[in-house]
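Summary of structural features
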Amino acid sequence: MATTSKYVCVIGAGPAGLVATRELRKEGHRVVTAEQSHDVGGQWLYDPNVGGEDPLGRSRFLKVHSSVYASLRLATPRETLGLSDFPFVVKEGRDTRRFPGHRELLWYLKDFCEWFGLTEIIRFNTRVEYVGMSDSDKVGGDLKWVVRSKDLKSEKVAEEVFDAVVVATGQYSHPRLPSIKGMEQWKRRQMHSHIYRDPHPFHNEVLSLYETVISVYCGDPCGANLIQTGSISSTQTGPQYLSMNLLQQLYLPYRHAYLSIYQVLSLYETVISVYCGDPCGVVVVVGNSVSGRDISMELVNVAKEIHLSAKSLDISEGLSKVISKHHNLYLHPQIESLHGDGRVVFVDGSWVMADTIIYCTGYSYSFPFLDTKGIVTVDDDRVGPLKSQAIWIAQLLSGRKTLPSFHDMMQSIEEFYQSRNAAGIPKHHTHDIANFEYCDKYGENVGYPHLEEWRKELFLSGSVRARVNLETFRDSWDDYDLLQAALLSPHFTHSLQPPSQHYWSPRRII
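Assigned secondary structure in the protein chain consists of 15 helices and 20 strands. In the protein chain, buried positions account for 46% of the 510 residues. For the protein chain, contacts bridging at least 24 residues in sequence account for 64% of all contacts bridging at least 6. When the accessible area of the protein chain is evaluated, it comes to approximately 25,700 Å², of which 53% is carbon and sulfur surface.

On to the pairing of strand 5 (residues 145-151), then. Among the seven residues of strand 5, five are classified as buried, and the element is accordingly described as predominantly covered. For strand 5 and strand 6 (residues 157-162), the ladder comprises six bridges, and the chain directions are antiparallel. In the strand pairing of strand 6, lysine 150 is matched with valine 157. Linking two consecutive strands that pair antiparallel, namely strand 5 and strand 6, is a turn of five residues; a positive phi of about 65° is found at glutamate 155 within it.

This part covers the pairing of strand 13 (residues 335-338). For a regular strand, the rule is simple: side chains alternate between the two faces of the sheet. Bridge count for strand 13 against strand 14 (residues 343-346) is three bridges, and the pairing is antiparallel. The residue of strand 14 that forms the bridge with serine 337 is valine 345.

Here four strands make up an open sheet; going across it, the order is 6-5-4-18 and the pairing mixed. In the strand order of this sheet, the two ends are held by strand 6 and strand 18 (370-371), each with one partner. Pairing between strand 4 (residues 126-133) and strand 5: seven bridges, direction antiparallel. When the sheet's bridge partners are listed, glycine 132 is paired in strand 5 with valine 146.

What follows covers the packing of aromatic side chains. In total, this model carries twelve aromatic pairs according to the counting rule given. Pairing phenylalanine 86 with phenylalanine 112 gives two aromatic rings, centres 5.6 Å apart and planes at 80°, and the pair type is edge-to-face. Linking phenylalanine 86 in the loop between helix 2 (78-81) and helix 3 (102-115) with phenylalanine 112 in helix 3, this pair joins segments that are 26 residues apart in sequence. With a relative accessible area of 0%, phenylalanine 86 lands in the buried category. Arranged with centres 4.6 Å apart and planes meeting at 40°, the rings of phenylalanine 88 and tyrosine 108 form a pair that is tilted. In this pair, phenylalanine 88 is assigned in the loop between helix 2 and helix 3 and tyrosine 108 in helix 3, connecting sequence segments 20 residues apart.

Right, let's talk about the sheet that holds strand 14 for a bit. Picture the strands of a sheet paired through backbone hydrogen bonds; they go either parallel or antiparallel. In spatial order, the strands read 13-14-15; together these three strands make up an open sheet with antiparallel pairing. Taken across any chain shown, the strands that pair with only one partner, and hence form the sheet edges, are strand 13 and strand 15 (351-353). Averaged over all pairs of adjacent strands, the angle between strand axes in this sheet comes to 20°, irrespective of strand direction.

Grouped together as the largest cluster of nonpolar side chains are 45 residues, with contacts concentrated most on Leu18, Tyr196, Phe202, Val283, Leu299, Ile306 and Ile358. For this core, the secondary structure elements donating two or more residues are helix 3, strand 10 (280-286), helix 8 (290-299), strand 11 (303-309) and helix 9 (317-325). Counting residues per element, this core draws most heavily on helix 3, which supplies five residues. Among residues more than four places away in sequence, those in contact with leucine 299 are Tyr196, Pro199, Phe202, Val283, Ile306 and Ile358.

With that out of the way, let us pick up unusual backbone geometry. Phi angles above zero are rare outside glycine, and asparagine 125 is one such case at about 55°. When you line up the elements, asparagine 125 lands in the loop between strand 3 (122-123) and strand 4. Unlike most non-glycine residues, glutamate 155 shows phi in positive territory, near 65°. With respect to the element layout, glutamate 155 can be found in the loop between strand 5 and strand 6.

Attention now moves to the pattern of salt bridges. Taken as a whole and judged by the stated rule, the model has 28 salt bridges. Between arginine 22 and glutamate 23 there is a salt bridge, with its nearest N and O atoms 3.0 Å apart. Taking relative accessible area as the criterion, arginine 22 reaches 8% and is therefore assigned buried. Residue classification places glutamate 23 among the buried positions, given a relative accessible area of 8%. For glutamate 453, the salt bridge is made with lysine 456, and the minimal N-O distance between the two is 3.4 Å. Taken as a pair, glutamate 453 and lysine 456 lie in helix 13 (residues 453-468) at a separation of three residues, close to a single helical turn. According to the relative accessible area criterion, lysine 456 is buried, its value standing at 13%.

Criteria and thresholds
- Residues numbered from 1 in each chain as written.
- Predicted model: local features only at pLDDT ≥ 70, side-chain atom pairs only at ≥ 80, totals over all residues.
- Heavy atoms only, no water.
- Helix = DSSP H or I, 4+ residues; strand = E, 2+ residues; numbered from the N terminus.
- Buried < 20%, exposed > 50% of the residue type's maximum accessible area, 1.4 Å probe, protein only.
- Contact = heavy atoms within 4.5 Å.
- Areas by Shrake-Rupley, 256 points an atom, 1.4 Å probe, with all protein chains shown as cover.
- Pairing = 2+ DSSP bridges.
- Phe/Tyr/Trp six-rings, centres within 6.5 Å; stacked < 30°, edge-to-face > 60°.
- Axes fitted to C-alpha atoms, helices over the stretch in contact; angles between N-to-C directions.
- Core = buried A, V, L, I, M, F, W, Y, C linked by side-chain atoms within 4.5 Å.
- Salt bridge = Lys/Arg side-chain N within 4 Å of Asp/Glu carboxyl O.

The values reported here are purely geometric and, on their own, carry no functional implication.
Pasting the structure below:
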């Protein structure tokens, strides 16, 4: 069958973008992939530099793409995540856990990119700022697309015309925020989990507050500067380490401020305990999905109190165990209102005085660069009309596959929407399609085999353990028989890269 080669732009070099790039090139197309970061990985390219980002992520173009936090580990076993012809195997010198940290998945994507020689066609540090039809009156047929991009290093702007554009910018970067009464007037710290990285800033927040109090109360912050300059180190914990000489250093700045040396000691004991990791601050975490639970469990050892606000108090057994284990972790219903004095009032009438609110409320689809004259719309995160897949895109562009009629496609999409509505799925969850039956049906469009049974069973096994033992499911597992079935399957035995010799020996089971 004769095929046609197209000039295609892929936007994004994360997992979806890399797969699309590979499939398009394999089908014979000429491909350019634009990536705004300095490396591949997309969401999995961890970026700790979030200081310049809007804490609530309300900017049109965000400076930070990744929402990954430092301690993040995968929530599903690595065997289920590997691409069909490129298994996610253990490699010497790297993270060998079945549920590895985020850096291991980034390395997997780098391996994929190197194996298939994709790096040479990726334009790094290139942000796409506009995509539009070159002739908006001609939809279909020989329609061309204008892509305007900026080199983030040189600031140069370039414009090219492509036969097709594949948007693979991900869906976990642009924060989705709730609408809460008083949110704009609440003057204390509010942030979305998009910019959360680790607990350290919460230590610093309290230290800064302490320095401010000292400055106001005593008129001189130089005592607090002892901590900044290293006169007090994190190893000098507790009053037993405060020698008389050090006490004199602490006292001297305030000897004219009507503070006794014992008052100064009391203040500094508080600061040192905070500096060395003792609890501090009251944090409200909104949302109890994956990031909300992870962040709450991480902050519970840092903050004085964690108040987890959830849509439903009907929680999993695993989360219930975590809450009962920690005396400073509380579960609340949704927030009713926020008040200028720091109060957070919940719908049941209870309230707390909080220092920080972290919104773990998910993400929205955002395509600020895309201009389709209304053909593609985003309605409460329902992107339509949209239904696609990397292999199918590649074959459609080459002519190997053909689209159904416009009427049939629109009818199919409408039926899909109706099925989601009938199932009670909110509109903004339209594209959450982690469903085996849906994946298998989708694969049939291009003759793709159904998902392996071992892959489905391992995924479900991990999910069940997470619901029961939220804190330990990643390191305590009992599905060794399923794992063996996976490792003996063609996915691993006939793959391009052989599994590691030491892959999951029985002794690795805890």
